[in-house]
Every structure is written in structure tokens, then in C-alpha cells.
Amino acid sequence: AIAEVVGINWGVGKHGRLTPVAFFAPPGVRLAGTNVVNCTIHNVGQLIEGKVGIGAKIRVYKAGEIIPYWAETISPAPHVDYPKNCPSCGAKTAIKTSKTASDLVCENTDLCPAQNVGRLVGYLSTFGVKGIAESTMNSLIAAGLVKTYADFYRITVEQLLKAGFSEREAILTVARINMIEQPDQIKDNSKLQDMIDRAQDGGPRIKIALNKFVAALNIPGASKGTGTSLATHFGTLEKIVDASEADISLVDDIGPKKAGAVYAWFSSHKKEIADLTKYVEVEKPKTGIFSGKTFCFSGSFTPDKEHWIALVENEGAKVSTAPSKKTNYFVWGPGSGSKKDRAEELKKEGVAINIIEVEDLEKLLGLDKDDDRAF
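What comes next is a walk through the structure. (Residues numbered from 1 in each chain as written. Predicted model: local features only at pLDDT ≥ 70, side-chain atom pairs only at ≥ 80, totals over all residues. Heavy atoms only, no water.)

With that settled, consider the pattern of salt bridges. Counting across every chain of the model gives 12 salt bridges. Linking Asp103 and Arg17 is a salt bridge whose minimum nitrogen-to-oxygen distance equals 2.9 Å. Placement of Asp103 in strand S9 (residues 102-106) and of Arg17 in strand S2 (residues 17-24) is noted, with a sequence separation of 86 residues between them. Among the residues examined, Arg17 registers a relative accessible area of 32% and is labelled partly exposed. We note a salt bridge from Asp184 to Arg176, for which the minimum N-O separation is 2.7 Å. The class for Arg176 is buried, based on a relative accessible area of 19%. Here the salt bridges do not stand alone but share partners, grouping Asp151, Arg154, Asp275 and Lys278 into one network. (Salt bridge = Lys/Arg side-chain N within 4 Å of Asp/Glu carboxyl O. Helix = DSSP H or I, 4+ residues; strand = E, 2+ residues; numbered from the N terminus. Buried < 20%, exposed > 50% of the residue type's maximum accessible area, 1.4 Å probe, protein only.)

Moving on: the pairing of S2. Examined bridge by bridge, strand S1 (residues 2-12) and S2 share seven bridges and lie antiparallel to one another. Directly across from Val12, in S2, lies its bridge partner Leu18. The loop that links S1 with its antiparallel partner S2 comprises four residues; one of these, Gly16, has a positive phi angle of about 90°. Judged from the two bridges that link them, S2 and S9 form a sheet pairing that is antiparallel. Counted as the bridge partner of Leu18 is Leu104 from S9. Judged from the three bridges that link them, S2 and strand S5 (residues 38-40) form a sheet pairing that is antiparallel. Bridged to Ala22 within S5 is Cys39. (Pairing = 2+ DSSP bridges.)

This part takes up the environment of Gly13. Mapping Gly13 onto the fold places it in the loop between S1 and S2. For Gly13, a relative accessible area of 29% puts it in the partly exposed group. For Gly13 and Ala199, which are 186 residues apart along the polypeptide, the C-alpha to C-alpha distance reads 33 Å. Once residues within four sequence positions are removed from consideration, Gly13 is found in contact with Ala114 and Gln115. (Contact = heavy atoms within 4.5 Å.)

Next up on the list: helix H11 (residues 256-268). With 13 residues, H11 ought to run about 18 Å at 1.5 Å a step, and its terminal C-alpha atoms sit 18 Å apart, in line with that. Within H11, the full set of buried residues consists of Ala259, Gly260, Val262, Trp265 and Phe266. Each element contacted by the buried residues of H11 is listed here: helix H7 (210-216), helix H8 (224-234), helix H9 (237-242), helix H10 (245-249) and helix H12 (270-276). (Expected span 1.5 Å × (residues − 1).)

It is worth spelling out the packing of helix H13 (residues 305-313) against helix H15 (residues 358-365) at this point. Between H13 and H15, the least distance of the axes is 11 Å, while the angle of their chain directions is 30°. Compared by their axis directions, H13 and H15 come out roughly parallel. Note that H13 runs across H15; the crossing there is left-handed. Across the interface between the two elements, Trp308, Leu311 and Val312 of H13 pack against Val358, Leu361, Glu362 and Leu365 of H15. Of the residues in the contact of H13 with H15, the class split is six nonpolar, no polar and one charged. (Axes fitted to C-alpha atoms, helices over the stretch in contact; angles between N-to-C directions. Parallel < 35°, antiparallel > 145°, perpendicular 65-115°, else oblique. Left-handed = near helix turned anticlockwise from the far one by under 90°. Nonpolar A, V, L, I, M, F, W, Y, C, P; charged D, E, K, R; others polar.)

This is the structure:
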């Protein structure tokens, strides 16, 4: 369909990338059975090249009959503009060009609220905290209560009440952050408050494995697997923080570019890490029957994949996201698909990879039917 652009809005992602969204005059245009009132322009380079601005007429299509995108410009706008300042924090923006695209970015990485929302929600999610959505995080940021990860553990119920939370919302939010188990099931607010007070009394009160701790930091350019690789190689958080770029580049699965990003992040966040470890105890990698072994899980599992990953990691295993020549055990479930095909190819090529199912893993772990960890 062809639509006329009446406005451009800019969304800010958790890594600072600004994405333009073109809006159309109501009621929009009819496309694949629905009225479409806006569409995504992939990046600022596409916006400029396509001359998409207010007054432009553009052809819109639905990818997979769901998400509307710009296809081409039929009639260019008389003027094309983009924000010189971040709509979230006001910091200056810059255009960064790669081989494939030109992106508009906010480089105010640590203090931009829009970027912080995604990272802060991701941090809690990696710890296993449930019930803290982006809407709640926006409220915490707007109230000035959270800028760094350590700020979570300084939040009080009283502060949330002043920020407009109801008493129940405030108590549940603090309880969830402090990892009190199933706080929703505790209906007595005073009892829950007592549990919060006990949880907040004293030194580090929340334990997390080193690999998950690194993953929770949301280091730009680093994946969850990077945390496992760093934990396996260095063994302690202190050694990771103090490692040189050359040291990090020697870690398996970490190339020069990623090594530079990891080194730069830890070098500039040492005070933040020291502050965070006042509240969080980072555990060294565990050793056990799978020490030195690499696992890969693919497909669906009961109760879920994370359950089985935790069990092998507790026995010292490293877990990768895809099978490779370094994989010792490939555990598959229904829907494994191409990853299982790849594991079988590796085995035919002579790689010593064991392709097993959950029942086989239970035997390796020594679980019997009466063990709560067996399914």
C-alpha cells in the first residue's frame, strides 16, 4: 500500500541505536487485513537515502503479513531530518556507518534512561528475578532510584511509596529484587516486610555463578556464552576484572574485537563492580564429573532447558549455544532441527561428540526416578 508520512518517531534501543518509525494520517492504510498506522524504517541511512520525512509518500509492505516496513519512496519529502540529540537523555547523537548500514546512536551508554531500561531488566532477568517489567523499571528510573545495578539493593519500600507505588506493589517489588521466594504467595505485608529486612541485613546476600554474573552485566558486544568462556578461563571475578586485553584475547571463543570490548567495559566499570559485590556474592565455577566438558542443548525439554543446563554446570560443564568440534555432549529434544543435523555431521567427520537425550543425561548424572531433579 502507499501511505503519506505525517510524522517520524525515534525509539532508543538498549545499546543506543535509534530506530525511526514513520506515522500515517488516521485511519492509516489497509494492508493484509488490518489498518496500518505506522511502519519501521530500518535505520537513519535508509531514512536519508529514501528521503523519508513529513510529506513523503512511501510504499509499505508487511513482512510475513505481520510487521509493516518501508519498501520504497514514491514521492520524496521536501526535508529529511533526524534528531541531533537523544530523545531519552538529551545527549548528542552520532551516525555510525558499517559495511551494511548507517545507524544513528546515542553514545551516553551508562546514563541514558532508554538504554538503561533494557539493560536493567536484563540484569534482573538473568538473576532469575520475575515480575519486574519495563513499566516498573521506567518508574524506578523516573524516580531516580536506579542508575547502576547496585542501586537495586538499596531500594526501600518507603522510597517506592514516595514514588507513587501502592504498599503492596512496593513490598512485592523490593521482595522480588532481593530474591525472596514466591513473594506473591505471602499475603501478609508485615510478614513479607520482615523477610525483606532480614534479607537486607548484612553483607552480600544474593549468590550467583560467575558465568551468569558476567552475562547479567550486559556488556556491549558480549554474549551469554562470553560469560561462560571468561569464567572457565579465569576462574574468579577478580582475575577477569584485572585481565589485560591480551589476556582476554587468549580465551576460547573470544576474538580480538570482543576482547577489546570486554576489556574496555571492565576497565571503565571497576568502581561499579566493587559496589555491586557489596550485595552480590559471585561464586567460582563449580567442579564435578563434567569439569572440562562442553555441552550443547537443542530442542524442547521438561521442565525447561535451563533446568538441565544448571545441572551440568553444577558439575563443572561449559555450555555452548551451538555444536562444534569442541562439543563433548549434544543433548537434543523435540524440535532440535538443524543443530541436531550439524551434530550428526560432526560425528560422521570423526568428532568425538556424544549425541544423547535427557534419559541418557539422567544416567550420566546418576539420577534415579525418586530424585526431584529427574523428569
